[in-house]
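Notes for the structure review
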Amino acid sequence: MAIPFFKEMRIGAYVLKQKLLGRTRYPLVLMLEPLFRCNLACAGCGKIDYPEAILNQRMSVADCLAAVDECGAPMVAIPGGEPLIHKEIGEIVAGIVARKKFVSLCTNALLLEKKLHLFEPSPYLFFSVHLDGLKEHHDRSVCQPGTFDRAVAAIKAAKAKGFAVNVNATVFEGMPAEDIAAFMDFTTELGVGVSISPGYAYERAPDQQHFLARRRTKELFRKVFALGKGKTWTFMHSGLFLDFLAGNQEFLCSPWGMPTRNIFGWQKPCYLVGEGYAKTFKELMETTDWDSYGTGRYEKCADCMAHCGYEPTAADATMRQPLAALKVALFGVKTEGEMAPEIDLSGQRPAEYVFSRHVENKIAEIHAAEPPAGDASRPRLTAAE
């Protein structure tokens, strides 16, 4: 694992503390989205389909740090949108690092070299650069040629300045196992670890044809891991999560494990599904009907195997089943034989489509906060940076 040992120990101690306190639902990673605006328009993204008034919104430094304190998770991931567009991203990261929280700043890296001066190398900070495979696959995935080369150049520049860097990869249908293996070989040469996950089928994503079904995900990852036998690939995941991707574990997701705070509030139930918002973290935890979500329970969750729902489950399983985790660590992920049983989908409730209502409510809130026409005492919404 490329995860620093003291980070593993800190997070492991945190999880152990929660278990000793008898808590079954607790946050592991805060997903902090300070904006939705992005400088790319990826075909598989469901995070940027908002009106301009919402794309122009930003969480303040104070709101971001208050969310970190309120949640209490030992690690904070900052996705978006593109976080480096936020004018105060340096202050946000510095404030989180000062709290001795681990920060994963997720970025497509188009602005990374330009913005490196805003940050200081720290054992609590690492950049997580979005790379969806090698050049052809990545550039097609993000719908803009040249982005792979720019991202790789930025990774090298950040590493040269002493920053910790890994890459996060989203896998879609149509990407052969051999190409994923070649990508993993490349990341080994580049000297970075990899966070990898099948793409979630966002209902608003422009491309609906290339999201992986659950069985197909398991078959694909078995082939990838088989190709990686004997190699020194570095995954930024627990062994049991990788074992789950290969179909060897029957896990239910833990959406509370990676709670999301964004410009709407605390998102119910998870980073991928937004079907309501709470004003506080306490309200999120106490009022969300957690048992109504997840594979087998809700249609939108049927094919999801994303790390934001299942990595917390794997972390919990590691504490409960240390011998199973040790077996994977020693012998690797099983790539042959029977898979764990599939979750029965016959009882899942149908999907609800509530996105438009939340957008309309937010637009009304924004307009209500704007100064009257002709009032120059308060600034109005401005265009994106």
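Everything numeric in this text was worked out from a predicted model, so none of it was measured. (Residues numbered from 1 in each chain as written. Predicted model: local features only at pLDDT ≥ 70, side-chain atom pairs only at ≥ 80, totals over all residues. Heavy atoms only, no water.)

**Overview of the pairing of strand E8 (residues 265-269)**
Formally: Whether a residue is buried, partly exposed or exposed follows from its accessible area with a 1.4 Å probe, protein chains only, as a fraction of its type maximum: under 20%, in between, or over 50%, in that order. Under the DSSP-based scheme used, a helix requires at least four consecutive residues in state H or I and a strand at least two consecutive residues in state E, with every element numbered from the N terminus. Between any two strands, pairing holds if DSSP finds at least two bridges.
The element E8 is largely enclosed, with a buried count of five among its five residues. The pairing of strand E7 (residues 260-262) with E8 spans three bridges and is classified as antiparallel. Residue pairing in the sheet places Thr-260 in a bridge with Gln-267 of E8. Summarising the sheet, E8 and strand E9 (residues 274-278) pair through three bridges and their orientation is antiparallel. What sits directly across from Gln-267, in E9, is Tyr-277. Hairpin connection of E8 to E9: four residues between the antiparallel strands.

**Observations regarding the pairing of strand E3 (residues 102-107)**
Keep this limit in mind: Handedness of a crossover is defined as follows: with both strands directed away from the viewer, a clockwise route from the first strand across the helix to the second makes it right-handed.
Counting buried residues in E3 gives six out of six residues, a clear majority hidden from the surface. Along E3, one buried face is formed by Phe-102, Ser-104 and Cys-106 and the opposite face, lined by Val-103, Leu-105 and Thr-107, is buried too. Where strand E2 (residues 75-78) lies against E3, four bridges are found, and the strand directions are parallel. Within E3, the residue paired with Met-75 across the bridge is Phe-102. Taken together, E2, helix H4 (residues 89-98) and E3 constitute a β-α-β crossover, and its handedness is right-handed.

**Considerations on the pattern of salt bridges**
To keep things clear, this is the line we draw: By convention in these notes, a salt bridge is any Lys or Arg side-chain nitrogen within 4 Å of a carboxyl oxygen on Asp or Glu.
All chains considered together, the criterion is met by 15 salt bridges. Here Glu-342 makes a salt bridge to Arg-214, at a shortest N to O gap of 4.0 Å. Remark: Arg-214 occurs in helix H9 (residues 214-227) and Glu-342 occurs in the loop between helix H13 (322-331) and helix H14 (355-369); sequence separation between them is 128 residues. The closest approach of N and O atoms between Lys-362 and Glu-365, which form a salt bridge, is 3.1 Å. Taken together, the residues span about one helical turn, with Lys-362 and Glu-365 both in helix H14 at a distance of three residues. Take Lys-362: its relative accessible area is 7%, and that puts it in the buried class. For Glu-365, a relative accessible area of 48% gives the class partly exposed.

Coordinates in, geometry out; function isn't part of it.
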